[in-house]
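Chain by chain, the residues run as shown.
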Amino acid sequence: MTNKNIQLFVPYFRTEECLAQIRECLEKGWTGLGFKTLELEEKWKEYTGLPHAHYLNSATAGLDLAVRVLKLQHKWQDGAEIISTPLTFVSTNHAILYNNLKPVFADVDEYLCLNPQSVLEHITPKTRAVMFVGLGGNTGQLQKVEQICKEKGLSLILDAAHMSGTRYTDGSLPGKEADVIVYSYQAVKNMPTGDSGMICFKEAKNDEIVRKLSWLGINKDTFARTSGSGAYKWKYDVEYLGYKDHGNSIMAALGLVSLHYLDRDNAYRRQLAAWYDEAFKNAKNIHLVPVAPNCESSRHLYQILISNRDECLLALNECGIFPGVHYRDNIHYKMYAYAEGTCPNARAASDRTLSLPMHLKLTKQDVDYVAQRVKEYAK
Ligand SMILES: *Cc1c(COP(=O)(O)O)cnc(C)c1O
């Protein structure tokens, strides 16, 4: 028996700073859309250099909106295809199904991201877009996929749920070529709030549309109506059948504090990853999932591949270590089972991948302890 308790993710909040931000909302009497959500949008644009950013209640909502807006813009027919990865959280692929489009799965590469060659092989006359997931904060071969999209006239959606703060080593932001980037600030992501996300369209027109769509299709937000002038602010129009997807000021308050420390926190994540790398040097039976050479990853995840993953996971639990699995091949799930057999690399990775504890409360001693145990159990 052990008294260790080393969890996969432990979100870290600067409590006093978060409370000060939230206090501002409470004292102002403004906890909804506007004010802090706008401030976070501005700060995110400044931080990323992206031209547009709209704050939402989740990245799941963001991915749905990304597909919906592009479908509207380009008049895609129901049944049109989007090439996507089977190695992701189901939000990514559900977003395609929500919009009556068809996920076509391409296989993954050594980074566990979409393999550009496989993307090429899955393009059909019905293909309209590619959905790329930067798994664990990795950029994989995103630039090659961008090139393919450009050459083939396909839209590109970047699911950057793990990529807050990921950069290329030259300092530039991954996904500048994408039509839309969606970030997640969910509770256990590397820039945590409670639940929320950001959608960043390349085109101003789409940013305008998503602001309406995220508030039931109404063409003016509450904040603008109460802070502007004029007596007929309730006489708004409703242009779309939108859902209620926008973010609120309490979540944005947490996001502002997380953003302030994002670079520092990611640097510590990379330090933890470097300690794991060092500890696993020359280790037998353990394959480290590499970070693309030109990528400075947010290191949302530290992933390894081992043949006896399930057995190893149980043994680690016995030692008070609680790793995770990112992800189970989505083709296992009922609604994606039509693609069975199409992505052998993703299936093999899904059976072997293990995400080791990765969070800001870990010490070098913790990393060494985890690595030692993994080395003992990996067959
Ligand atoms: C978490 C996650 C999402 C969904 O994010 P939410 O903000 O929880 O809706 C989408 N894609 C990936 C890859 C994720 O890990």
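Values in this document were obtained by computation on a predicted structure and should not be read as measured data.

Quick look at the overall build of the chain
For step 1, the next point in the chain: Across its full length, the chain carries 13 helices and 14 strands.
For step 2, the next point in the chain: By the compact-globule yardstick of 21 Å for 379 residues, the chain fits well, its C-alpha radius of gyration being 21 Å.
For step 3, the next point in the chain: By principal-axis analysis of the C-alpha atoms, the chain measures approximately 70 × 55 × 40 Å.
For step 4, the next point in the chain: Looking at the chain as a whole, 56% of its 379 residues are labelled buried.
For step 5, the next point in the chain: For the chain, the proportion of contacts with a sequence separation of at least 24, taken over those separated by at least 6, is 72%.
For step 6, the next point in the chain: Measuring between centres, the 44 positive side-chain charges of the chain sit 2 Å from its 43 negative side-chain charges.

Thoughts on the pairing of strand β5 (residues 127-133)
For step 1, the next point in the chain: Most of β5 sits inside the fold, with six of its seven residues counted as buried.
For step 2, the next point in the chain: Here three bridges tie strand β3 (residues 81-84) to β5, and the two strands are oriented parallel to one another. For glutamate 81, the partnering residue across the bridge sits in β5 and is threonine 127.
For step 3, the next point in the chain: Once the chain exits β5 it traverses helix α6 (residues 142-152) before rejoining the sheet at strand β6 (residues 155-159), and the crossover so formed is right-handed.

Considering the site of the ligand
For step 1, the next point in the chain: Of all residues adjacent to the ligand, which total 17 residues, the nearest are Thr60, Asp159, His162, Ser184 and Lys189.
For step 2, the next point in the chain: Between histidine 162 and the ligand, the recorded distance is 2.6 Å, taken from a side-chain N or O atom to an oxygen atom.
For step 3, the next point in the chain: When the ligand is considered free in solution it has 380 Å² of accessible area, and contact with the protein chains removes 94% of it.
For step 4, the next point in the chain: Of all elements in the fold, only α3 (59-74) and α4 (90-98) reach the threshold of two or more residues within the shell around the ligand.
For step 5, the next point in the chain: By residue number, the principal contributor to the shell around the ligand is α3, which donates three residues.
For step 6, the next point in the chain: When grouped by side-chain class, the residues that make up the shell around the ligand number six nonpolar, nine polar and two charged.

Side note on the domain arrangement of the chain
For step 1, the next point in the chain: By domain assignment, the chain separates into domain 1 (15-260) and domain 2 (262-377).
For step 2, the next point in the chain: Between domain 1 and domain 2, the C-alpha centre-to-centre distance is 26 Å.
For step 3, the next point in the chain: Interface area for domain 1 against domain 2, summed over the two sides, is near 3200 Å², with a carbon-plus-sulfur share of 56%.
For step 4, the next point in the chain: Counting the surface domain 1 buries against domain 2, the share from its top three residues, Phe105, Asp107 and Asn190, is 17%.
For step 5, the next point in the chain: One can count zero salt bridges joining domain 1 with domain 2.
For step 6, the next point in the chain: At the level of elements, α2 (36-48), α4, β4 (102-105), β7 (167-168) and α9 (249-260) are the ones that each hand at least two residues to the side of domain 1 that touches domain 2.
For step 7, the next point in the chain: Sort the elements by how many residues they give to the side of domain 1 that touches domain 2 and α4 lands first, with four residues.
For step 8, the next point in the chain: Of the residues assigned to the side of domain 1 that touches domain 2, the class counts are 19 nonpolar, 17 polar and five charged.

Focus: the packing of aromatic side chains
Two aromatic rings, taken as a pair, are described by how far apart their centres are and by the angle between their planes.
For step 1, the next point in the chain: Per the counting criterion, the structure on display carries twelve aromatic pairs.
For step 2, the next point in the chain: An angle of 85° between the planes, with centres 5.7 Å apart, marks the rings of phenylalanine 105 and tyrosine 336 as edge-to-face. Here tyrosine 336 lies in the loop between β13 (321-322) and α12 (344-352) and phenylalanine 105 lies in strand β4, a separation of 231 residues in the sequence. Considered together, phenylalanine 105 and tyrosine 336 belong to a single accessibility category, that of buried residues.
For step 3, the next point in the chain: Relative to tryptophan 275, the ring of tyrosine 268 lies with its centre 6.1 Å away and its plane at 85°, an arrangement referred to as edge-to-face.
For step 4, the next point in the chain: With relative accessibility at 27%, the residue tyrosine 268 sits in the partly exposed group.
For step 5, the next point in the chain: Every member of this aromatic cluster is reached through a ring pair, and the members are Trp44, Tyr47, Tyr55, Tyr183 and Tyr185.
For step 6, the next point in the chain: Geometry around tyrosine 369 places lysine 4 over its ring, the cationic atom sitting 4.6 Å from the centre.
For step 7, the next point in the chain: Over the ring of tyrosine 47 we find arginine 167, and its NZ or CZ is 5.3 Å from the ring centre.

The rules behind these values
- Residue numbers restart at each chain and count upward from 1, following the sequence in its written direction.
- With the structure being a predicted model, the display of local features is reserved for residues of pLDDT at least 70 and the display and counting of side-chain atom pairs for 80 or more, all residues being used for whole-chain, interface and lining totals.
- Water and hydrogen atoms were dropped before computing side-chain values, which therefore reflect all heavy atoms in the structure.
- Going along the chain from the N terminus, every DSSP run of H or I of four or more residues is numbered as a helix, and every run of E of two or more is numbered as a strand.
- When we talk radius of gyration, it's over C-alpha atoms, and the globule rule is simply 2.2 Å times the number of residues to the 0.38.
- Partly exposed describes any residue whose relative accessible area lies between the buried limit of under 20% and the exposed limit of over 50%, with all areas from a 1.4 Å probe on protein chains only and scaled to the type maximum.
- By definition in these notes, contact holds between two residues if any of their heavy atoms fall within 4.5 Å.
- A positive count includes Lys and Arg, and a negative count includes Asp and Glu. His and the chain ends are not counted in either.
- Positions of charges follow a simple convention, taking NZ of Lys, CZ of Arg, CG of Asp or CD of Glu.
- In this analysis, strands are considered paired if DSSP registers two or more bridges between them.
- Think of it like this: strands point away, you trace from the first strand over the helix to the second, and a clockwise trace means the crossover is right-handed.
- If even one non-hydrogen atom of a residue comes within 4 Å of a molecule or strand, that residue is called near it.
- For this analysis, a polar contact is any N or O atom pair within 3.5 Å, provided that within protein one partner can donate a hydrogen and the other can accept it, and provided that sequence-adjacent residues contribute only side-chain to side-chain pairs.
- Values of accessible area rely on a 1.4 Å probe in the Shrake-Rupley scheme; residue burial ignores everything except the protein chains shown.
- Asp, Glu, Lys and Arg are counted as charged, while Ala, Val, Leu, Ile, Met, Phe, Trp, Tyr, Cys and Pro are counted as nonpolar; the rest, among them Gly, fall into the polar class.
- Domains are outlined according to an automatic or database domain assignment.
- The term buried area means the drop in 1.4 Å probe accessible area that two parts suffer when joined, counted for both and summed.
- Salt bridge, as applied in this entry: a Lys or Arg side-chain nitrogen positioned within 4 Å of an Asp or Glu carboxyl oxygen.
- Only the six-membered ring of Trp is used, alongside the rings of Phe and Tyr, when aromatic pairs are assigned; centres must lie within 6.5 Å, and planes under 30 degrees apart are stacked while those over 60 apart are edge-to-face, with the rest tilted.
- We call a charge positioned over a ring when the NZ of a Lys or the CZ of an Arg lies within 6 Å of the ring centre and within 35 degrees of the ring normal.

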